[in-house]
Amino acid sequence: MMRARDAWASPLGLAFWVLSLAFIGEVAEGRTLEDQDYYIQEILNRDHYYAFPEPDEETTTEQPREEAEELGRPEERRQPPKLKPAKKELKQKKAKKEKLMLETPPGKNGNKKSEKTRSHDKVSDGDYESQIVSEEVRESCPPLGLETLKITDFQLHASTVKRYGLGAHRGRLNIQAGINENDFYDGAWCAGRNDLHQWIEVDARRLTKFTGVITQGRNSLWLSDWVTSYKVMVSNDSHTWITVKNGSGDIIFEGNSEKEIPVLNELPVPVVARYIRINPRSWFDNGSICLRLEILGCPLPDPNNYYHRRNEMTTTDDLDFKHHNYKEMRQLMKIVNEMCPNITRIYNIGKSHQGLKLYAVEISDNPGEHEVGEPEFRYIAGAHGNEVLGRELVLLLMQFLCQEYRAGNTRIIRLIEDTRIHLLPSANPDGYEKAYEVGSELGGWSLGRWTHDGIDINNNFPDLNTMLWEAEDRRNFPRKVPNHHIPIPEWFLSENATVAVETRAIIAWMEKIPFVLGGNLQGGELVVAYPYDMVRSLWKTQEQTPTPDDHVFRWLAYSYASTHRLMTDARRRVCHTEDFQKEDGTVNGASWHTVAGSLNDFSYLHTNCFELSIYVGCDKYPHESDLPEEWENNRESLIVFMEQVHRGIKGIVRDSHGKGIPNAIISVEGVNHDIRTANDGDYWRLLNPGEYVVTARAEGFTSSTKNCAVGYDMGATRCDFTISKTNLARIKEIMEKFGKQPISLPVRRLKLRARQRRQRR
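For clarity, every value in this text was computed on a predicted model and none was experimentally measured. (Residues numbered from 1 in each chain as written. Predicted model: local features only at pLDDT ≥ 70, side-chain atom pairs only at ≥ 80, totals over all residues. Heavy atoms only, no water.)

Caption draft 1: View of the overall build of the protein chain. Within the protein chain one finds 18 helices and 29 strands. Going through the 761 residues of the protein chain one by one, you find that 54% of them count as buried. Put simply, 76% of the contacts in the protein chain that link residues at least 6 apart link residues at least 24 apart. In the form shown here, the protein chain has an accessible surface area of approximately 35600 Å², with 51% of it arising from carbon and sulfur atoms. (Helix = DSSP H or I, 4+ residues; strand = E, 2+ residues; numbered from the N terminus. Buried < 20%, exposed > 50% of the residue type's maximum accessible area, 1.4 Å probe, protein only. Contact = heavy atoms within 4.5 Å. Areas by Shrake-Rupley, 256 points an atom, 1.4 Å probe, with all protein chains shown as cover.)

Shown next as structure tokens:
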């Protein structure tokens, strides 16, 4: 015992003992250790997340009586400054403002800057100091990512919850409730009790400069729940909290007045901390404490943190990553056209209700003309004006194709030379301008979705499904209703029909160009939906309703989903309520939710084009800073999907003189859906690999049947047909050639010869 005691008393032993205590202190205080696992730090740094604060804890909440007195003195409550959202993003504001920075005393995890570069007033609050730092320009910070799922469920915590489906993980801006609101997927975080000690907390997992809070009420068809005022608190260790103040008093921020419109409150001065907590102080009289939120903040650099370095997303593509209004979109198209004049063409397919032209860009080695044997492909975006990500992805895609073509990318060169690509970035520019005015976080779930006259373009097409299915049920098929190219009903073509001018323009575009494959880019989910979009059974809202080409559609959907960075990731969180992983990020539209008159169904039944709906992100209108990552998520998928237009069989149907026959019918044995040839007699039929019996026929011509094999390599199998005219067609041709009067005698002779042949038999 004496030797041990002497050893500790020696200078070397004493030094070892001090180092040991220092190491323990660092672990206990949460310092970042390079070779320590990040999640171990989390465990060491925190008590139980759901520890409920006692009423006498001055650092978290006040006594209810004191709060009541405070709310009763409106002259002492400072209303936060109201933000007029910029037309682009949350722009920088040039004004002399102050930045509140939480800093731990020496030895704790704080963000330290040079004392020479700032002037500050220190206010002691427990072990923390508040520092006021003057800034000439206040930086505008993006959302942390509650809506985009950058913030994981493990980073959201709450004092209490009403049930699991209303837990903290559901407190995300614009999250949507499930069909049954008592299930696992409800529309907000709701506290287990309605009192002043409830809170929801976000762990940024690194020091972050918080600048604002956006709140919504609960998404619900039946209930009205929202928070009308709240406090904001911040912390560096989740134990000691500082309330955001205005001078000596706590600021009570004005919340929501209804449940769907987001409300932004900027903090009077930016606050640097790791944790931020929202403490509701009042709520709708007949409701409960429920809210959805987004936090605005700029994460501070932390090069020693492996977790953040591993999850950072960068892109090497030199593209214009920003949100483009109508004028800027048109200008960008001009720039692309000037960069690549030999392979691009700008044209418009019509006008919107407000008179904005619906501009499209064609990318091809011979822009402006349909080349025989070359398939036509299209991307449509912005049918819902507030689903902005698809619009920006199409604009990025046209820049990328131009740049890579000029750079000599063989894959892109081959795609452009063998395909005629059409890109329509904004099918609903009127709706987009509405969403653009309020910015990426403040439009809610539906502002700008519809056209100016209130029509949903995506579901504004003729319902041809019902016509086909009723004809089949009456066994009039195919005599009265064909299984393809079903004509548009007359009522739809009338001027009094509730049809958007944008819809009519898209239909005319679809009928003019012989598209083979198309994708309409939408937002709010991560899934690829394929037709049919409408259920066949009456009184059902969800039912698997496959097309005759179901296997082809499944492959097309999977080709996009499987090459997307997140769609088929089994570890990712669902966007809202649906888990599409069981079908690898794809879904039959009717089994998801039934829709009559969808673009996908109309395209399949009225034209040759196989159309799919591609939902490219959980956030319909992501912040500008998220566009590079979203581009990386979707870039390969956008290209791979275009390449699928070269899958199946192709060819030309000619007459005996070698002339192409337009409108000839191509049938595949075992598939109850035909296609037709274009004006030059060429056709493309999408098929999966296999052996097929294919027949070509046309009115007035004999039919021809061939065996065509589709291989697994990229590239369609050539399958040409030559068919000759029937005798009756030849007679009609002669009659048209000579006219009615001189042809009467030859016709009598032909009839006489036919009668004589019958008599001889």
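Having seen the model, we can carry on.
Caption draft 2: Layout of a nonpolar patch on the surface. A contiguous nonpolar patch, built from Leu221, Trp222 and Leu223 and spanning about 400 Å² of accessible area, is present on the exposed surface. Along the chain, Trp222 turns up in the loop between β6 (200-216) and β7 (227-235). Residue Trp222 is classed as exposed on the basis of its relative accessible area of 66%. (Patch = residues over 30% accessible without salt bridge, like charges linked within 9 Å, V, L, I, M, F, W, Y side chains within 5 Å. Salt bridge = Lys/Arg side-chain N within 4 Å of Asp/Glu carboxyl O.)

Caption draft 3: Quick look at the packing of aromatic side chains. Evaluation of the coordinates by the stated rule reveals 22 aromatic pairs. Look at Trp555 and Tyr558: their rings are 6.2 Å apart centre to centre, the planes differ by 50°, and that puts the pair in the tilted class. Highlighted residues: Trp555 and Tyr558, both in helix α13 (residues 550-561), separated by three residues, approximately one helical turn. Here the aromatic residues Trp469, Tyr532, Phe553, Tyr604 and Phe610 are joined through ring pairs into a cluster of three or more. Taking the ring centre of Tyr359 as reference, the NZ or CZ of Arg330 above it sits at 4.4 Å. (Phe/Tyr/Trp six-rings, centres within 6.5 Å; stacked < 30°, edge-to-face > 60°. Lys NZ or Arg CZ within 6 Å of the ring centre and 35° of its normal.)

Caption draft 4: Here's a closer look at the packing of α13 against helix α16 (residues 627-643). For the pair α13 and α16, interaxial distance at closest approach is 8 Å and the crossing angle is 150°. Viewed along their axes, α13 and α16 adopt a mutual orientation that is roughly antiparallel. Contacts from Leu556, Ser559 and Tyr560 of α13 reach α16 at Asn634, Ser637, Leu638, Val640 and Phe641. By residue class, the composition of the contact of α13 with α16 is five nonpolar, three polar and no charged. (Axes fitted to C-alpha atoms, helices over the stretch in contact; angles between N-to-C directions. Parallel < 35°, antiparallel > 145°, perpendicular 65-115°, else oblique. Nonpolar A, V, L, I, M, F, W, Y, C, P; charged D, E, K, R; others polar.)

Caption draft 5: Geometry of the sheet that holds strand β23 (residues 665-668). The strand order across the open sheet built from four strands is β24-β23-β26-β27, with neighbouring strands paired in antiparallel fashion. Strands at the two margins of the open sheet, each flanked by one partner only, are β24 (671-676) and β27 (704-710). Each adjacent strand pair in this sheet contributes to an overall mean axis angle of 30°, direction not counted. Two elements, strand β26 (residues 690-697) and β27, share seven bridges in a ladder whose sense is antiparallel. Across the sheet, residue Glu691 finds its bridge partner in β27, namely Ala709. (Pairing = 2+ DSSP bridges.)

Caption draft 6: Quick peek at the packing of helix α7 (residues 388-407) against helix α8 (residues 410-418). As a packed pair, α7 and α8 sit with axes 8 Å apart at the nearest point and diverge in direction by 110°. Of the possible angle classes, the one that applies to α7 and α8 is roughly perpendicular. Our pair here, α7 against α8, has a crossing hand that is left-handed. On α8, the residues touching Phe400, Leu401, Glu404 and Tyr405 of α7 are Ile412, Ile413, Ile416 and Glu417. Looking at the contact of α7 with α8 residue by residue, the classes come out as six nonpolar, no polar and two charged. (Left-handed = near helix turned anticlockwise from the far one by under 90°.)

Caption draft 7: Quick look at the state of the cysteines. All told, the structure shown has five disulfides when counted by the stated rule. Across the disulfide from Cys190 sits Cys290; the S-S distance is 1.9 Å. Judged by the sign of its S-S torsion, about 115°, the cystine formed by Cys190 and Cys290 is right-handed. With a gap of 100 residues between them, Cys190 in strand β5 (residues 189-190) and Cys290 in strand β13 (residues 290-299) connect regions that are remote in the sequence. (Disulfide = S-S within 2.5 Å.)

Caption draft 8: Here's a closer look at a positive patch on the surface. A contiguous patch of positive charge on the surface is contributed by Arg753, Arg755, Arg757, Arg758 and Arg760. When you line up the elements, Arg753 lands in helix α18 (residues 740-760). (Lys, Arg positive; Asp, Glu negative; His and termini not counted. Charge placed at Lys NZ, Arg CZ, Asp CG, Glu CD.)

Caption draft 9: Broad picture of the environment of Glu371. Here Glu371 lies in the loop between β15 (357-363) and β16 (376-381). Distance in space between the C-alpha atoms of Glu371 and Asp680 is 9.0 Å, their sequence separation being 309 residues. Side chain to side chain, Glu371 and Asn366 meet in a polar contact 3.1 Å long. (Polar contact = N/O pair within 3.5 Å; in protein donor to acceptor, adjacent residues only side chain to side chain.)

Caption draft 10: Geometry of the sheet that holds strand β17 (residues 420-424). The eight strands lie next to each other as β14-β15-β17-β16-β18-β21-β19-β20, forming an open sheet whose pairing is mixed. Strands with a single pairing partner mark the edges of an open sheet, and in this sheet they are β14 (344-351) and β20 (586-588). The average undirected angle you get between the axes of adjacent strands in this sheet is 25°. Judged from the six bridges that link them, β16 and strand β18 (residues 515-522) form a sheet pairing that is parallel. Following the sheet pairing, Phe377 is matched in β18 by Leu517.

Caption draft 11: Summary view of the side chain of Thr243. Note that Thr243 resides in strand β8 (residues 242-243). Other than its neighbours up to four places away in sequence, Thr243 contacts Lys231, Val232, Met233 and Asp250.

Caption draft 12: Spotlight on the pairing of strand β21 (residues 610-617). The element β21 is largely enclosed, with a buried count of eight among its eight residues. Where β18 lies against β21, six bridges are found, and the strand directions are parallel. Counterpart to Asn520 in the pairing with β21 is Ser613. With five bridges connecting them, strand β19 (residues 525-530) and β21 associate as antiparallel partners. Note that in β21 the partner of Leu526 across the bridge is Val616.

Caption draft 13: Just helix α12 (residues 501-512), in detail. Taking 1.5 Å of rise per residue, the twelve residues of α12 would be expected to cover 16 Å, and the 17 Å separating its terminal C-alpha atoms lies within 8% of that figure. Taken together, the buried positions of α12 are Glu502, Thr503, Ala505, Ile506, Ile507, Trp509 and Met510. (Expected span 1.5 Å × (residues − 1).)

Caption draft 14: Summary view of unusual backbone geometry. For the bond from Pro531 to Tyr532, the omega torsion is 5°, close enough to zero to count as cis. Relative to the helices and strands, Tyr532 resides in the loop between β19 and α13. The phi angle at Asn174 is positive, at roughly 70°, despite the residue not being glycine. One can find Asn174 in the loop between β4 (156-158) and β5.

Caption draft 15: A look at the environment of Gly448. Topologically, Gly448 is positioned in the loop between α9 (429-438) and α10 (464-473). Placed 61 residues apart in sequence, Gly448 and Glu387 show a C-alpha to C-alpha distance of 8.5 Å. Dropping the residues within four chain positions of it, Gly448 is found in contact with His384, Gly385, Asn386, Asn428, Gly431, Tyr432 and Lys434.

Caption draft 16: Structural detail: the confidence of the model for the protein chain. On average, residues of the protein chain score 82 in pLDDT, and 77% of them reach the 70 mark or higher. Confidence drops under a pLDDT of 50 for residues 1-136, and excluding neighbours within four residues, the segment shows 236 contacts in the predicted structure. (pLDDT = per-residue confidence, 0-100.)

Caption draft 17: Broad picture of the side chain of His169. You can see His169 is positioned in the loop between β4 and β5. Judged by relative accessible area, which is 13%, His169 ranks as buried. Filtering out sequence-adjacent residues up to four positions away, His169 remains in contact with Asp153, Leu156, Tyr164, Ile175 and Arg573.

Caption draft 18: Structural view of the pattern of salt bridges. One pass over the structure, following the stated rule, counts 35 salt bridges. Its salt-bridge partner being Glu629, residue Lys150 comes within 3.6 Å of it at the nearest N-O pair. In this pair, Lys150 is assigned in the loop between β3 (128-135) and β4 and Glu629 in helix α16, connecting sequence segments 479 residues apart. For Lys231, the salt bridge goes to Asp250, with nearest N and O atoms at 3.1 Å. With Lys231 in strand β7 and Asp250 in strand β10 (residues 249-250), this pair connects stretches of sequence that are 19 residues apart. Of the residues examined, Asp250 reaches a relative accessible area of 14% and is grouped as buried.

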